[in-house]
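Take a look at the letters that make up each chain.
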Amino acid sequence: MSSTTKEDEHESNSSEKTTTSSSSSSNTPSAPTTNNNNTNDDDILKGYEMHDWKPSPHLTPDENYMDMIMLLTRNSKCRQGSMACVLVHPQSSSSSSSVVIAASTNQSLFTPNSSDIHAEVAALGQACQNGKMTMGCTAYITMPPCKKCFMSLYASGITRIVSRQSLPENSILVQVAKQKGIEMIGLDKDMKERQDLRIQTIVGANKIQKHDDDGNDDDVDKNDVVQERKRRREEKQARKEQAKQKKQQL
């Protein structure tokens, strides 16, 4: 399953110079925990394959939530690209810990397997339906939002946006975010490489464990993991080539 989306859906351009921020603010969430309605992250993520993931005490909150995002992203079935969004409130009324109030992948509405509802809008809608306050929340997203999703996040009171990739400083979204006091953070190259390794380890170990429990041959399942990694690398390379060709045509 691809973890990125088409460039016409999101304003990411890896060929341009990007900026990455690792700074924290007063709204930076803490580690994943229970929310103020006596439900926890497992309830929010119910129905999604998360490969038995649990937050690591050795990672920062942003790293943990971005790992959650990348595993959630793998659940998307949309042909245009796999996306996910998790909304995190920095505090609950009864605890100083952060809480996950909504989580969703992009979804189809008009056409099967089509990204009709972007992940950000789906997550905001989920929070609204469940009576959750989004003011001051952080939105963790697979890739930077498109303009319409950015507008929705801004209108909903989101104050931090964290995604896999940074946008160029001259991007209209970056400029508006600065004007409106929204912190936009992207992972740098080293952080992405470390995350890729963690996700591969989590998914691979989980698949191998499931096959072990079923009494199947370890070697067969390990080969599946290798093939899955190869397939994802090939998809990533194909997307880069498509983006390069599209840019040359402009």
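Bear in mind that the values here come from a model prediction, so they are computed numbers and not experimental data.

Caption draft 1: Main features of the confidence of the model for the protein. Mean pLDDT over the protein works out to 78, with 69% of the residues at or above the 70 mark. Below pLDDT 50 for its whole length, residues 92-96 participates in seven contacts with residues either more than four positions away or in separate chains. Confidence drops under pLDDT 50 across residues 208-221; counting only partners more than four residues distant or on other chains, this segment forms eight contacts.

Caption draft 2: Structural detail: empty space enclosed by the protein. Here the structure, examined in full by the defined rule, presents one cavity of 30 Å³ or more. Forming the walls of the largest cavity are Glu63, Met66, Asp67, Leu187, Met191, Gln195 and Arg198.

Caption draft 3: Focus on unusual backbone geometry. If you check the backbone angles, aspartate 52 has positive phi at about 60° while not being a glycine. Considering the arrangement of structural elements, one finds aspartate 52 in the loop between α1 (41-44) and α2 (61-73). The exposed category is assigned to aspartate 52, whose relative accessible area is 64%. Positive phi outside glycine occurs at asparagine 113, with the angle close to 60°. Residue classification places asparagine 113 among the partly exposed residues on the basis of a relative accessible area of 37%.

Caption draft 4: Structural detail: the sheet that holds strand β4 (residues 160-163). Strand order in this open sheet of five strands is β2-β1-β3-β4-β5, and the pairing throughout is mixed. Across the chains shown, the open sheet's two edge strands, defined by having one partner strand only, are β2 (99-105) and β5 (183-186). If you compare each strand with its neighbour and ignore which way they point, the axes differ by 15° on average. Where strand β1 (residues 84-89) lies against strand β3 (residues 138-141), four bridges are found, and the strand directions are antiparallel. Paired with valine 88 across the strands is threonine 138, a residue of β3. Sheet strands touched by helix α3 (residues 119-129): β1, β2 and β3. Its angle to β2, the strand with the most contacts, is close to 135°.

Caption draft 5: Quick look at the pattern of salt bridges. Scanning all chains against the criterion turns up five salt bridges. The partner of aspartate 62 in a salt bridge is arginine 160, and the shortest N-O contact between them spans 3.0 Å. Here aspartate 62, found in helix α2, pairs with arginine 160, found in strand β4; they are 98 residues apart in sequence, far enough to count as distant. The salt bridge partner of glutamate 183 is arginine 160, with a shortest N-O separation of 3.1 Å.

Caption draft 6: Structural view of the packing of α3 against helix α4 (residues 147-155). Interhelical geometry of α3 versus α4 gives an angle of 25° and a closest axis separation of 9 Å. In terms of orientation, α3 lies roughly parallel with respect to α4. The crossing of α3 and α4 is left-handed. Residue-level contacts link Glu120, Val121 and Leu124 of α3 to Cys149, Ser152 and Leu153 of α4.

Caption draft 7: Representation of the pairing of β5 within the structure. As judged from the four bridges shared by β4 and β5, these two strands associate in the parallel manner. In the strand pairing of β5, isoleucine 161 is matched with methionine 184. With helix α5 (residues 172-180) bridging β4 and the parallel β5, this β-α-β connection has right-handed handedness.

Caption draft 8: Fine view of the packing of α4 against α5. Running from N to C, α4 and α5 point in directions that differ by 10°, and their axes come no closer than 11 Å. The angle between the axes of α4 and α5 places the two elements in the roughly parallel class. Along the contact surface, α4 presents Lys147, Phe150 and Tyr154, while α5 presents Ile172, Leu173, Val176, Ala177 and Lys180. The class makeup of the residues in the contact of α4 with α5 is six nonpolar, no polar and two charged.

Caption draft 9: A look at the side chain of arginine 164. For arginine 164, the position within the fold is in the loop between β4 and α5. Arginine 164 gets classed as buried once you look at its relative accessible area, which sits at 11%. In this structure the side chain of arginine 164 is engaged in a polar contact, spanning 2.8 Å, whose partner is the side chain of glutamine 195. At 3.1 Å, the side chain of arginine 164 forms a polar contact with the side chain of aspartate 196. In this structure, arginine 164 is in contact with Met66, Met70, Ile141, Thr142, Met143, Gly186, Leu187, Lys192, Gln195 and Asp196, ignoring residues within four places of it in sequence.

About the criteria used
All residue numbers here refer to positions counted from 1 along the written sequence of the relevant chain. A pLDDT threshold of at least 70 governs which residues receive local features in this predicted model, and a stricter bar of 80 or more applies before side-chain atom pairs are shown or counted, although totals over entire chains, interfaces and linings include all residues. Heavy atoms from the whole structure form the basis of all side-chain values; hydrogens and water molecules are not counted. Confidence of the predictor at the level of single residues is given by pLDDT, which spans 0 to 100. The contact rule is simple, with two residues in contact once any of their heavy atoms fall within 4.5 Å. Of the two site types, the cavity is a set of points on a 1 Å grid over the protein atoms alone where a 1.4 Å probe fits but cannot get out, and the pocket is an open set with protein on both sides within 12 Å along at least five of seven lines, each lined by residues with an atom within 4 Å of a point. Grid points are joined across faces, edges and corners, and a volume is the space filled by probe spheres set on the points. Numbering goes from the N terminus for both helices and strands, where a helix is a DSSP run of H or I of at least four residues and a strand is a run of E of at least two. Only protein chains enter the area calculation, which uses a 1.4 Å probe; residues under 20% of their type maximum are buried, those over 50% are exposed, and those in between are partly exposed. Between any two strands, pairing holds if DSSP finds at least two bridges. Only the stretch in contact is used when fitting a helix axis, every axis being a line fitted to C-alpha atoms; angles between N-to-C directions are given from 0 to 180 degrees. For salt bridges, the criterion is a side-chain nitrogen of Lys or Arg within 4 Å of an Asp or Glu carboxyl oxygen. These descriptions rest on fixed angle ranges, namely under 35 degrees for roughly parallel, over 145 for roughly antiparallel, 65 to 115 for roughly perpendicular, and the rest for oblique. Throughout, a crossing is termed right-handed when the near helix is turned clockwise from the far one, and left-handed when it is turned anticlockwise from it by less than a right angle. Seen with its strands pointing away from the viewer, a crossover is right-handed if its path from the first strand over the helix to the second goes clockwise. Three classes are used, and their members are as follows: Ala, Val, Leu, Ile, Met, Phe, Trp, Tyr, Cys and Pro are nonpolar, Asp, Glu, Lys and Arg are charged, and the others, Gly among them, are polar. Pairs of N or O atoms within 3.5 Å make up the polar contacts considered here, provided that, within protein, one atom can donate a hydrogen while the other can accept it, and that residues adjacent in sequence are counted only when both atoms are side-chain atoms.

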